[in-house]
Amino acid sequence: MDYLSSLNEPQYEGVVNTEGPAMIIAGAGSGKTRVLTYRIAYLIKEKGIDPFNILSLTFTNKAAREMRERIESVVGNDARNLWMGTFHSVFARMLRAEADRLGYPSNFTIYDTEDSKSLIRAIVKDFGLDDKVYKPNVVLNRISGAKNRLVSWQEYTTNPLYKADDDTAMKPEMGRLYKTYCQRCFKANAMDFDDLLFNTNVLFRDHVDVLNKYQHRFKYVMVDEFQDTNVSQYTITKKLASVSQNIAVVGDDAQSIYAFRGANIENILNFEKDFPDLKIIKLEQNYRSSQNIVNAANSVIDMNKSQLKKTVWTANDEGSKIELIKSVSDNEEGRFVSSAIFEQKAQKGYASSDFAVLYRTNSQSRAIEEALRKSGIHYKIYGGLSFYQRKEIKDLLAYLRFVINTNDEQSFRRIVNLPKRGVGVASVEKMIVAAFEHDIPLWEVLTNVEHFVSGRAANAVKDFVTLIKSFKISVETKDAHEAASHIAKNSGLIKELYDDKTIEGLNRYENVQELLNAIKEYVDTPEVEEKGIGAFLQEVALLTNQDNENDQNTDFVTLMTIHSAKGLEFKNVFIVGLEEDLFPSQMMLSSRADLEEERRLFYVAITRAKENLYFSYALSRYRYGRLLNCEPSRFIEEVDPSYLKVNTRYGSREPKLGQSFETPAVSSRYARNLVQSRKAQTKKPLQYHKPSPDFKPSDTSELQEGAKVEHPKFGFGKVAKMDTDGANRKAKVIFEDFGEKTLLLTFAKLRIVE
DNA sequence: GACTCCGATCTTTTT
DNA sequence: GATCGGAGTC
């Protein structure tokens with residue numbers, strides 16, 4: 001019990017109140033991770049609960065790993081059987097076991113965001129829609145938003161509310177895209193990230209016996225960062241806990257910064273409704289930061305209307321005031337930050353690792369990075385492209401994925417002509433369309449390719465199929481590392497990279513070797529029971545950034561976005577780029593709710609600091625290759641001036657405190673500059689047809705072959721062939737200027753000329 | 001089918 | 001400024 005003695009009163013309550021529903025509202029720096037880990041340790045050690053019956057959910061792999069380590073340090077080996085992980089990894093595992101209930105094979109592929117977007121791009125093209133209107137990003141966000149709110153495509157396409165919404169947004173085909181996207185994922189035996197949660201909900205809804213099984217298995221459920229859960233995630237946990245009622249959620253509404261990806265603060269209110277016997281525990285004492293920092297943070301978050309009542313306080317020293325640094329340019333800002341770090345290290349004996357520079361967008365790291373490098377201060381940038389998103393890594397993984405699941409459309413597209421074997425885009429489209437038209441698996445098309453594609457391409461595909469078949473054999477007989485090495489070598493990927501003697505080529509070659517090493521490491525891990533490629537892919541699909549911990553030098557300044565700094569703390573923190581339109585972000589200013597999310601982000605940034613905090617802004621900054629004028633952020637003046645002081649050592653002119661900066665509501669100099677520079681861009685050649693002045697789409701239900709039609713974008717053409725694909729009627733039209741196009745008549749706006 | 005050039009786009013992020 | 005996809009050319 002000695003580990004419990006270090007807790008304060010509410011923390012102790014949070015640990016020992018294990019029976020019945022509990023909500024722990026944990027202010028910044030109040031020791032919430034500690035409460036969660038001790039709670040699990042308490043369950044195992046003091047209450048004798050089998051770790052097998054405990055489920056603990058987090059949002060990042062890193063958080064899960066850290067928590068597991070901390071629990072292991074208290075309870076030892078018992079922690080091994082805990083179900084602990086991210087929502088996605090835990091329920092992906094569950095779905096693999098129960099996949100047949102949903103009509104999926106257990107070796108289903110997980111599509112990452114890139115796969116999803118590329119599939120959407122393909123569908124938009126198939127439908128003959130304008131990809132300027134239906135941007136992959138926008139479409140995916142819409143689909144993702146629907147799934148996260150548990151709106152199926154069936155509901156989406158029948159509920160007039162969504163239709164009306166999409167019509168106003170001038171995107172009337174969104175429902176169709178959603179439907180087709182789901183169907184094609186299903187056909188490819190693939191789930192995207194949102195499906196992992198959505199389908200878990202479907203599983204629990206339609207298969208009560210499965211739900212029952214897991215309800216009885218998970219007698220204790222815990223959710224970290226509860227403010228970041230979306231409806232889909234919340235519904236899963238609610239259902240799992242509805243029998244035992246032993247559910248504890250931990251979160252802080254003031255630190256909710258992921259609404260943009262579907263997180264729903266309302267869950268906190270719903271939780272009180274769904275579990276009326278709820279015990280609410282508030283952790284309000286901050287152990288992390290100085291009084292000045294805590295007070296300044298409070299003064300900022302008080303500006304937000306929507307928040308739960310909570311008073312974060314600290315018994316720590318008053319500390320020094322926040323220093324405000326003003327610079328002329330982003331480069332000067334970088335120099336000021338690096339010299340401030342240099343001075344502080346020399347004067348106060350800080351290490352480099354005591355400093356963090358936090359910014360709103362990844363692109364801001366450039367100026368800081370340059371300055372630090374010139375001063376010889378070690379630094380590490382977090383974020384940006386992760387190892388598993390690199391092209392060469394995705395290529396090899398696509399081979400592995402395709403060998404495991406030969407209906408994986410996205411992997412197929414990636415590798416069928418890599419290295420070049422003479423299969424062009426046209427043939428690929430033909431084969432994928434054929435799989436749909438005949439309603440057969442993609443692999444069946446490939447093994448009978450001569451019926452669908454002719455000539456050289458067909459022979460190339462035959463060789464490809466033979467190659468994949470040989471890979472299948474090696475996957476069945478070898479462990480993951482041997483099989484992956486075999487595939488990397490015999491696919492020709494390695495050779496292609498090896499032959500590329502440029503620096504980037506060398507890098508790519510090394511990256512592939514590194515991936516193979518990682519697979520070797522995976523195979524050699526004693527706890528891993530399944531050593532095959534399939535098992536490895538399951539692991540890796542849900543992995544992302546913060547993996548490579550093979551850094552020897554541990555003394556470095558941390559550079560990261562505020563989003564990735566959540567959950568971390570540093571002695572000294574610089575918040576840079578405090579400029580209107582950058583932070584708060586221009587994109588976020590369209591609604592009050594969004595401004596409040598930006599403000600919470602600012603709050604998160606402030607509360608990372610333990611001892612010293614610096615605000616910095618520049619009067620000009622390069623963005624998108626253009627030098628733009630900047631105005632100080634409204635957030636600076638929202639901080640109570642009594643906690644601020646101007647740093648007079650830096651900056652050419654003194655910024656004034658307590659005086660309104662006159663921040664414009666929405667449109668600002670940046671926006672104006674951008675609009676003007678867009679206008680100034682040179683003439684854009686008119687490529688597409690201009691519809692006739694009397695253009696009005698005709699009723700195409702009676703459209704005949706041979707009819708002459710006008711398309712608003714492609715101009716005049718003649719209908720060559722009519723076709724049906726399920727419920728969809730298609731017309732193959734040969735346009736005078738744009739050649740052959742297949743149009744979906746349900747969408748295409750056509751005027752029948754004669 | 002492969003290569004090259006042009007131009008549109010660009011938040012935050014985890015999975 | 002850098003990247004990526006599409007269109008145009010051989």
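Keep in mind that this is a model prediction, so the values were computed, not measured. (Residues numbered from 1 in each chain as written. Chains lettered and ligands numbered in written order. Predicted model: local features only at pLDDT ≥ 70, side-chain atom pairs only at ≥ 80, totals over all residues. Heavy atoms only, no water.)

Caption draft 1: Summary view of the overall build of chain A. Counting secondary structure elements, chain A contains 29 helices and 24 strands. Per-residue burial over chain A gives 52% buried out of 754 residues. When the accessible surface of chain A is totalled, it reaches about 35,000 Å², and 49% of it is carbon and sulfur. (Helix = DSSP H or I, 4+ residues; strand = E, 2+ residues; numbered from the N terminus. Buried < 20%, exposed > 50% of the residue type's maximum accessible area, 1.4 Å probe, protein only. Areas by Shrake-Rupley, 256 points an atom, 1.4 Å probe, with all protein chains shown as cover.)

Caption draft 2: Structural context of the sheet that holds strand S3 (residues 83-86). Spatial ordering of the open sheet is given by S3-S2-S6-S7-S1-S8, a layout of six strands whose pairing is parallel. Every other strand in the sheet has two partners, leaving S3 and strand S8 (279-283) as the edge strands with one partner each. Averaged over all pairs of adjacent strands, the angle between their axes in this sheet comes to 15°, without regard to strand direction. Bridge count between strand S2 (residues 54-58) and S3: four bridges; the pairing is parallel. Bridge pairing in S3 links Thr58 to Thr86. Across the sheet, helix H4 (residues 87-98) is in contact with S2, S3 and strand S6 (220-223); its angle to S3 comes to roughly 120°. Packing against the sheet, helix H12 (residues 231-241) makes contact with S2, S6 and strand S7 (247-251), and its axis sits at approximately 160° to S6. (Pairing = 2+ DSSP bridges. Axes fitted to C-alpha atoms, helices over the stretch in contact; angles between N-to-C directions. Contact = heavy atoms within 4.5 Å.)

Caption draft 3: Focus on empty space enclosed by the protein. All chains considered together, the criterion is met by three cavities of 30 Å³ or more. If you trace the second largest cavity, you find it lined by Arg184, Lys187, Ala188, Asn407, Glu409, Ile432, Ala435, Phe436 and Leu442. Residue assignment for the lining of the second largest cavity shows that the elements contributing at least two residues are helix H9 (174-187) and helix H19 (425-437). When its residues are assigned to classes, the lining of the second largest cavity shows five nonpolar, one polar and three charged. (1 Å grid on protein atoms, 1.4 Å probe; cavity = no way out; pocket = protein on both sides within 12 Å on 5 of 7 lines; lining within 4 Å. Points joined across faces, edges and corners; volume = space filled by probe spheres on them. Nonpolar A, V, L, I, M, F, W, Y, C, P; charged D, E, K, R; others polar.)

Caption draft 4: Main features of the sheet that holds strand S16 (residues 609-618). Taken in spatial order, the seven strands line up as S13-S14-S12-S15-S16-S11-S19 in an open sheet, and their pairing is parallel. The outermost strands of the open sheet, each flanked by one partner alone, are strand S13 (379-381) and strand S19 (644-646). Each adjacent strand pair in this sheet contributes to an overall mean axis angle of 25°, direction not counted. Pairing analysis gives five bridges linking strand S15 (residues 570-575) to S16, with the strands arranged parallel. Looking at S16, one finds that Phe570 is bridged to Ala609.

Caption draft 5: A look at the pairing of strand S12 (residues 355-359). Judged by how many residues are buried, S12 sits mostly within the fold: five of five residues are covered. Neither face of S12 is exposed, since Phe355, Val357 and Tyr359 on one face and Ala356 and Leu358 on the opposite face are all buried. The pairing of S12 with S15 spans four bridges and is parallel. When the sheet's bridge partners are listed, Val357 is paired in S15 with Phe574. Note that S12 and strand S14 (residues 557-561) share four bridges and pair parallel.

Caption draft 6: Up close: the nonpolar core. Grouped together as the largest cluster of nonpolar side chains are 57 residues, with contacts concentrated most on Leu397, Phe412, Met431, Leu446, Leu515 and Ile519. Here the element with the most residues in this core is helix H21 (residues 456-477); it accounts for ten residues. For Leu515, the contacting residues outside a window of four places in its chain are Phe387, Tyr388, Ile393, Leu396, Leu397 and Phe536. (Core = buried A, V, L, I, M, F, W, Y, C linked by side-chain atoms within 4.5 Å.)

Caption draft 7: Here's a closer look at helix H25 (residues 533-541). Of all the positions in H25, only Ile533, Ala535, Phe536, Leu537 and Val540 are classed as buried. Where H25 is buried, its residues touch helix H17 (391-404), H21, helix H22 (480-490) and helix H24 (503-524).

Caption draft 8: Representation of helix H11 (residues 208-217) in the model. Those residues of H11 not exposed but buried are Val210, Leu211, Tyr214, Gln215 and Arg217. Across the axial projection of H11, the buried residues extend over an arc of 165°, all falling on one side. Elements that come into contact with the buried residues of H11 comprise S3, H4, helix H10 (193-206) and H12. (Arc of directions from axis to C-beta.)

Caption draft 9: Structural context of a negative patch on the surface. On the surface, Glu66, Glu69, Glu72 and Glu527 cluster together to form a negatively charged patch. The partly exposed category is assigned to Glu72, whose relative accessible area is 31%. (Patch = residues over 30% accessible without salt bridge, like charges linked within 9 Å, V, L, I, M, F, W, Y side chains within 5 Å. Salt bridge = Lys/Arg side-chain N within 4 Å of Asp/Glu carboxyl O. Lys, Arg positive; Asp, Glu negative; His and termini not counted. Charge placed at Lys NZ, Arg CZ, Asp CG, Glu CD.)

Caption draft 10: Here's a closer look at the packing of aromatic side chains. This model, assessed by the stated rule, comprises 27 aromatic pairs. Seen in terms of ring centroids, Phe402 and Trp443 are 6.2 Å apart; in terms of plane orientation they differ by 70°. Their pairing is edge-to-face. Highlighted residues: Phe402 in helix H17 and Trp443 in helix H20 (residues 442-447), separated in sequence by 41 residues. Looking at Phe402, the relative accessible area reads 0%, which means it is buried. (Phe/Tyr/Trp six-rings, centres within 6.5 Å; stacked < 30°, edge-to-face > 60°.)

Caption draft 11: How the structure looks around the side chain of Gln227. Here Gln227 shows up in the loop between S6 and H12. Gln227 gets classed as buried once you look at its relative accessible area, which sits at 1%. Among the polar contacts listed, one links the side chain of Gln227 to the side chain of Glu225, at a separation of 2.8 Å. Among the polar contacts listed, one links the side chain of Gln227 to the backbone nitrogen of Asp252, at a separation of 3.0 Å. Residues contacting Gln227, with those up to four places away along its chain left out, are Val250, Gly251, Asp252, Asp253, Gln255, Ser256, Ala263, Asn264 and Lys566. (Polar contact = N/O pair within 3.5 Å; in protein donor to acceptor, adjacent residues only side chain to side chain.)

Caption draft 12: The environment of Thr58, seen in detail. Relative to the elements of secondary structure, Thr58 occurs in strand S2. Beyond its immediate stretch of four places on either side in the chain, Thr58 contacts Ala63, Ala64, Met67, Gly85, Thr86, Phe87 and Asp224. Only 3.3 Å separates the side chain of Thr58 from the backbone oxygen of Thr60, close enough to count as a polar contact.

Caption draft 13: Structural detail: the environment of Ser6. Relative to the assigned elements, Ser6 resides in the segment before helix H1 (9-16). Distance from Ser6 to Ser56, taken between C-alpha atoms, is 23 Å for residues 50 residues apart in sequence. Sequence-distant contacts of Ser6, defined by excluding residues within four places in its chain, comprise Arg34 and Tyr38. Separated by 3.0 Å, the side chains of Ser6 and Arg34 make a polar contact.

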